[in-house]
Amino acid sequence: MTFFKHKTLVENPDVTVRLMKEDGSPGPLIQMAKFHLTDEEWQNKLNADQYQVLRAKGTEPAFCGLLTDEKENGIYFCVGCGLPLFSSESKFHSGTGWPSFFKPFAQENIMEKADASFGMVRTEILCSRCGSHLGHVFTDGPKPTGLRYCLNSLALKFLPSSLLTQAPKEALADTAVPIEKAAFAAGCFWGVESDFRKIPGVLDVIVGYTGGHTDKPTYKEVCTDKTGHAEAVLVTYNPDKVTFIQLLDAFWLLHDPTQFNRQGPDYGSQYRSAIFTQDAGQKELAEKSKAALNATGRFKKPVVTEISPATHFWPAEEYHQRYFEKNGGGSCHI
Ligand SMILES: [Zn+2]
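Residues numbered from 1 in each chain as written. Predicted model: local features only at pLDDT ≥ 70, side-chain atom pairs only at ≥ 80, totals over all residues. Heavy atoms only, no water.

1. As for the overall build of the chain
Move 1: Assigned secondary structure in the chain consists of 7 helices and 20 strands.
Move 2: Each principal axis of the C-alpha atoms in the chain carries an extent, and together these give about 75 × 45 × 40 Å.
Move 3: Buried residues in the chain amount to 48% of all 334 residues.
Move 4: Pairs at least 24 residues apart make up 66% of the contacts formed inside the chain by residues separated by at least 6 positions.
Move 5: For the chain, the distance from the average position of its 35 positive side-chain charges to the average position of its 39 negative side-chain charges is 4 Å. (Helix = DSSP H or I, 4+ residues; strand = E, 2+ residues; numbered from the N terminus. Buried < 20%, exposed > 50% of the residue type's maximum accessible area, 1.4 Å probe, protein only. Contact = heavy atoms within 4.5 Å. Lys, Arg positive; Asp, Glu negative; His and termini not counted. Charge placed at Lys NZ, Arg CZ, Asp CG, Glu CD.)

2. Notes on the side chain of glutamine 321
Move 1: With respect to the helices and strands, the residue glutamine 321 is situated in the loop between β20 (314–315) and α7 (323–327).
Move 2: Engagement of the side chain of glutamine 321 in a polar contact is seen with the backbone oxygen of alanine 316, the distance being 3.1 Å.
Move 3: Residues contacting glutamine 321, with those up to four places away along its chain left out, are Ile206, Val207, Pro315, Ala316 and Lys326. (Polar contact = N/O pair within 3.5 Å; in protein donor to acceptor, adjacent residues only side chain to side chain.)

3. Notes on the coordination of the zinc ion
For a metal bound by four donors in tetrahedral geometry, the ideal donor-metal-donor angle is 109.5 degrees, whereas six donors in octahedral geometry ideally sit at 90 or 180 degrees.
Move 1: Summarising the metal site, the zinc ion is bound by the protein donors Cys78 (SG), Cys81 (SG), Cys127 (SG) and Cys130 (SG), whose distances to it range over 2.3 to 2.4 Å.
Move 2: Along the chain, the residues donating to the zinc ion fall in the pattern C-x2-C-x45-C-x2-C. Linking cysteine 81 in the loop between β3 (74–78) and β4 (84–87) with cysteine 130 in the loop between β8 (122–127) and β9 (133–138), this pair joins segments that are 49 residues apart in sequence. Both residues of the pair, cysteine 81 and cysteine 130, count as buried. (Donors = N, O, S within 2.8 Å, 3.2 Å for Na, K, Ca; no water.)

4. Let's talk about the pattern of salt bridges
Move 1: All told, the structure shown has 12 salt bridges when counted by the stated rule.
Move 2: Linking arginine 322 and aspartate 204 is a salt bridge whose minimum nitrogen-to-oxygen distance equals 3.9 Å. With arginine 322 in the loop between β20 and α7 and aspartate 204 in strand β14 (residues 202–210), this residue pair connects regions lying 118 residues apart in the sequence.
Move 3: By sharing partners, the salt bridges in this structure join Glu193, Arg197, Asp204, Arg322 and Glu325 into a single network. (Salt bridge = Lys/Arg side-chain N within 4 Å of Asp/Glu carboxyl O.)

5. Points about the environment of glutamate 284
Move 1: Structurally, glutamate 284 can be placed in helix α6 (residues 280–296).
Move 2: The partly exposed category is assigned to glutamate 284, whose relative accessible area is 46%.
Move 3: With 23 residues separating them in the primary sequence, glutamate 284 and isoleucine 307 have C-alpha atoms 9.8 Å apart.

6. Considerations on the sheet that holds strand β11 (residues 156–160)
Move 1: Here we have 3 strands laid out as an open sheet, ordered β4-β3-β11, and antiparallel in their pairing. Each edge of the sheet is formed by a strand with only one pairing partner; in this case those strands are β4 and β11. Shown here is a sheet whose adjacent strand axes are inclined to one another by a mean of 30 degrees, direction ignored. (Pairing = 2+ DSSP bridges. Axes fitted to C-alpha atoms, helices over the stretch in contact; angles between N-to-C directions.)

7. What to know about helix α5 (residues 244–253)
Move 1: Buried within α5 are the following residues: Phe244, Leu247, Leu248, Ala250, Phe251 and Trp252.
Move 2: Against β13 (180–186), α3 (189–197), β14, β15 (230–237), β18 (273–277) and α6 lie the buried residues of α5.

8. Points about the nonpolar core
Move 1: Ranked by internal contacts, the top residues of the largest apolar core, which has 33 residues, are Phe184, Phe196, Val233, Val235, Tyr237, Leu247 and Ile275.
Move 2: Considering every element that reaches this core, the biggest residue donor is α5, with 6 residues.
Move 3: When sequence neighbours within four positions are dropped, the list of residues in contact with leucine 247 reads Ala182, Phe184, Phe196, Ile199, Val202, Val235, Tyr237 and Val242.
Move 4: Counting 32 residues, the second largest nonpolar core, distinct from the first, contains Val17, Met32, Val137 and Leu151. (Core = buried A, V, L, I, M, F, W, Y, C linked by side-chain atoms within 4.5 Å.)

9. Describing the packing of aromatic side chains
Move 1: The final tally for this structure, using the stated rule, is 14 aromatic pairs.
Move 2: Relative to phenylalanine 324, the ring of tryptophan 190 has its centre 6.3 Å away and its plane inclined at 70 degrees; by these criteria the two rings are edge-to-face. With a gap of 134 residues between them, tryptophan 190 in helix α3 and phenylalanine 324 in helix α7 connect regions that are remote in the sequence. For the pair tryptophan 190 and phenylalanine 324, a shared accessibility class is recorded, and that class is buried.
Move 3: Site record: aromatic cluster; members linked through ring pairs are Tyr76, Phe86, Phe101, Tyr149 and Phe158. (Phe/Tyr/Trp six-rings, centres within 6.5 Å; stacked < 30°, edge-to-face > 60°.)

Structure (structure tokens):
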């Protein structure tokens, strides 16, 4: 079965963002379609000044924007697509003449891009969902981030807390797909990736390294068994379609969880069996599931699977991604 065979060939039409909950706080990670308009449609949707900033990457004159001195509590939305971008909680007076924030509403909602225009090297910020230009981010901001997100008022629609019920319709999660993540290690990651990808409700699987103590590990380094990292997969799934418990059931079936620091012909701690839990809920379910499996007596030996909190997941080199899809072959498991 090849559920997402063509996904690598086209640009991903979906984006992972956080929408606003009714109380104005960021909601869970969700996957939704990118907001796409033709140039003509953008010209119709935006006024000429907004178009100049959002679509032609213009900058409004300093001290002229309407939101620079806005001090009310509330949320700042993208004028282009209604995605919540900044909260008044992170707004500060920078004296630059543009609205300034030290962090976004949600990291996922802002894209960064190197910008070398006008003979300067700057980092442009764009809306993750509609790709509109918003401004730039600089490293001379206040604590706790040290960042200064410098915005054009024209790119933002501000709603005070008292009016958040009138938030742009696009900013509410009616068409969005909820997503959650889970990370597993079960020996050579090629086969594990391929097996998880076949499960309906699984949206994406990437292979990588996690659970160790080195940054940006390479395959070669992980092979030495000195990084502490395991070959692992990061599964993105829709919890309305497949539950974490069902993913655990699949995980137990696709390898032998009684083999310590080994899986079939592959030896070393990088091939250990592990569940890297994303939160306390996953930890509890994983521990219960492991105990239940031991109780069934399906295996003659005890299950040795490690259950530990997820740490940074380092994606593996591109040639390891979708390895069987690219190279043919089945499972490298016993
Ligand atoms: Zn947008």
